[in-house]
Amino acid sequence: MLLPERKKELDALCRKLRAELIRLLYKTQSGHPGGSLSVCEILTVLYFEKANTGRGEERDRILLSKGHAAPMLYLILAEKGFFPKEELETLRHIDTRLQGHPCMNHTPGVELTSGPLGMGLSAGLGMALGLKLDQNPATVYVVLGDGELNEGTVWEACMSAAKFNAGNLIAIVDRNHVQLDGAEEEIMPMPHLEARFRAFGLDVFSCDGHDIAALCSAIDAAQAAPGPSVILAETVKGKGVSFMEGKNIWHGRPIDRESFTAALRELEG
Ligand SMILES: Cc1ncc(C[n+]2csc(CCOP(=O)(O)OP(=O)(O)O)c2C)c(N)n1
Ligand SMILES: [Mg+2]
C-alpha cells in the first residue's frame, strides 16, 4: 500500500519533472514532448518506488523500449544521481552522453540502447532468462509505446516469454492511443488489447497510468503473477499541458516561445 504522504511526494515530483522537461526541450529545440509527458508517472513509480535501482548485479533492469522518451528518462536518471544535473543541458549536442535516444554504452543508468521500436521486449526477455539461469532475483521491466505494439517482434517476444515462463519479465505499455502521425484508430486499430496479450500467454493488468497508487498496485499484481505479465497503463499523450494532450503534432516538434510560456504557466502556475 502506498502511503498518502508518499503519493503526494511522487505527484509533486512528476509536476517538477514535467516542467523541467518543457524547459529542457525548449532550450534544445528538439526532442519528443508528447511521449515523454505520458510516460512520466510510469517511470517515476519504477525508479522512485518499485524497482531496485541500486548499482549491483541484483538491481532490477528498466528498459525504455520507446526510446524517443529519452528526455524524461534522463531527467529521472539525473534526479537519481546517475550523472550530474548540469549535464542535462548537453541533450542532443554533438559528443554528448545524452543522445536523442538512450545509449547503454555512453549513458550511466541506461540498461538498453533503444530507438528502433519493437526491440525492447525481446532484449528484456533475453535478460530475464539470463537472470533466471543465474538465480538472480531481479525483475526486468520493459516500457513500451502502444504504437510500438504494431511491431511484430513484440508479439514474437510475448510468445517466447510465455513458452519460457519468464515470470521475472513485466512489460508496461504507455497506452496513450496516439502515435507519431495520428491516432491509433486511424493508423492501426488495436481493439481487445487485453485479450490479445492474454491469447499470447501473458497475465494482463490494466490501470490509470497517471495514478501513482494504481500503478504501484498493478506492479504488485504483476509481480505476484507466476508468469510474464503486461500492464496496460492508460495514459494521455502530452499529459499535463492542455494544448499538447492527445495531439500527435506534439509527438516530436520543437517548442516555440509562446507554447513554452503557456506550458509552464499550466505546469507551475
Ligand atoms: C522501427 C521504428 N519505426 C519507426 C520509428 C519512428 N517512430 C518514432 S516514435 C514513433 C511512434 C511511436 O508511437 P508510440 O509507440 O505510441 O509512442 P508514444 O505515443 O508513447 O510516444 C515512430 C513511428 C521508430 N523509432 N522505429
Ligand atoms: Mg502512443
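Everything below is about the structure shown above.
Residues numbered from 1 in each chain as written. Chains lettered and ligands numbered in written order. Predicted model: local features only at pLDDT ≥ 70, side-chain atom pairs only at ≥ 80, totals over all residues. Heavy atoms only, no water.

1. Remarks on the pattern of salt bridges
Right, on to step 1. Evaluation of the coordinates by the stated rule reveals 17 salt bridges.
Right, on to step 2. The closest approach of N and O atoms between Glu79 and Lys16, which form a salt bridge, is 3.0 Å. With Glu79 in helix H4 (residues 70–79) and Lys16 in helix H1 (residues 4–28), this residue pair connects regions lying 63 residues apart in the sequence.
Right, on to step 3. One salt bridge connects Lys66 with Asp174, and the closest N-O pair in it is separated by 2.7 Å. Here Asp174 lies in strand S3 (residues 169–175) and Lys66 lies in the loop between strand S1 (61–64) and H4, a separation of 108 residues in the sequence.
Right, on to step 4. With a relative accessible area of 0%, Asp174 lands in the buried category.
Right, on to step 5. If you follow the salt bridges from partner to partner, you end up with Arg6, Glu9 and Glu49 in one network. (Salt bridge = Lys/Arg side-chain N within 4 Å of Asp/Glu carboxyl O. Helix = DSSP H or I, 4+ residues; strand = E, 2+ residues; numbered from the N terminus. Buried < 20%, exposed > 50% of the residue type's maximum accessible area, 1.4 Å probe, protein only.)

2. So, the packing of H1 against helix H10 (residues 257–268)
Right, on to step 1. At a minimum axis separation of 9 Å, H1 and H10 run at an interaxial angle of 170°. As judged from the angle between their axes, H1 and H10 are roughly antiparallel. By crossing handedness, the relation of H1 to H10 is classed as left-handed. Mapping the contact onto sequence places Arg18, Ala19, Ile22, Arg23 and Tyr26 in H1 and Arg257, Phe260, Ala263, Leu264, Leu267 and Glu268 in H10.
Right, on to step 2. Grouping the constituent residues of the contact of H1 with H10 by class yields seven nonpolar, no polar and four charged. (Axes fitted to C-alpha atoms, helices over the stretch in contact; angles between N-to-C directions. Parallel < 35°, antiparallel > 145°, perpendicular 65-115°, else oblique. Left-handed = near helix turned anticlockwise from the far one by under 90°. Contact = heavy atoms within 4.5 Å. Nonpolar A, V, L, I, M, F, W, Y, C, P; charged D, E, K, R; others polar.)

3. Quick word on the side chain of Ser114
Right, on to step 1. You can see Ser114 is positioned in the loop between H4 and helix H5 (120–133).
Right, on to step 2. In terms of polar contacts, Ser114 uses its side chain to reach the backbone carbonyl oxygen of Leu64, at 2.6 Å. (Polar contact = N/O pair within 3.5 Å; in protein donor to acceptor, adjacent residues only side chain to side chain.)

4. A few points about the packing of aromatic side chains
Right, on to step 1. On inspection of all chains with the given rule, the structure shows four aromatic pairs.
Right, on to step 2. Relative to Trp250, the ring of Phe243 has its centre 6.0 Å away and its plane inclined at 65°; by these criteria the two rings are edge-to-face.
Right, on to step 3. Here the basic side chain of Arg55 rests over the ring of Phe82, its NZ or CZ set 3.8 Å away from the ring centre.
Right, on to step 4. The side chain of Lys80 reaches across the aromatic face of Phe48, ending 5.0 Å from its centre. (Phe/Tyr/Trp six-rings, centres within 6.5 Å; stacked < 30°, edge-to-face > 60°. Lys NZ or Arg CZ within 6 Å of the ring centre and 35° of its normal.)

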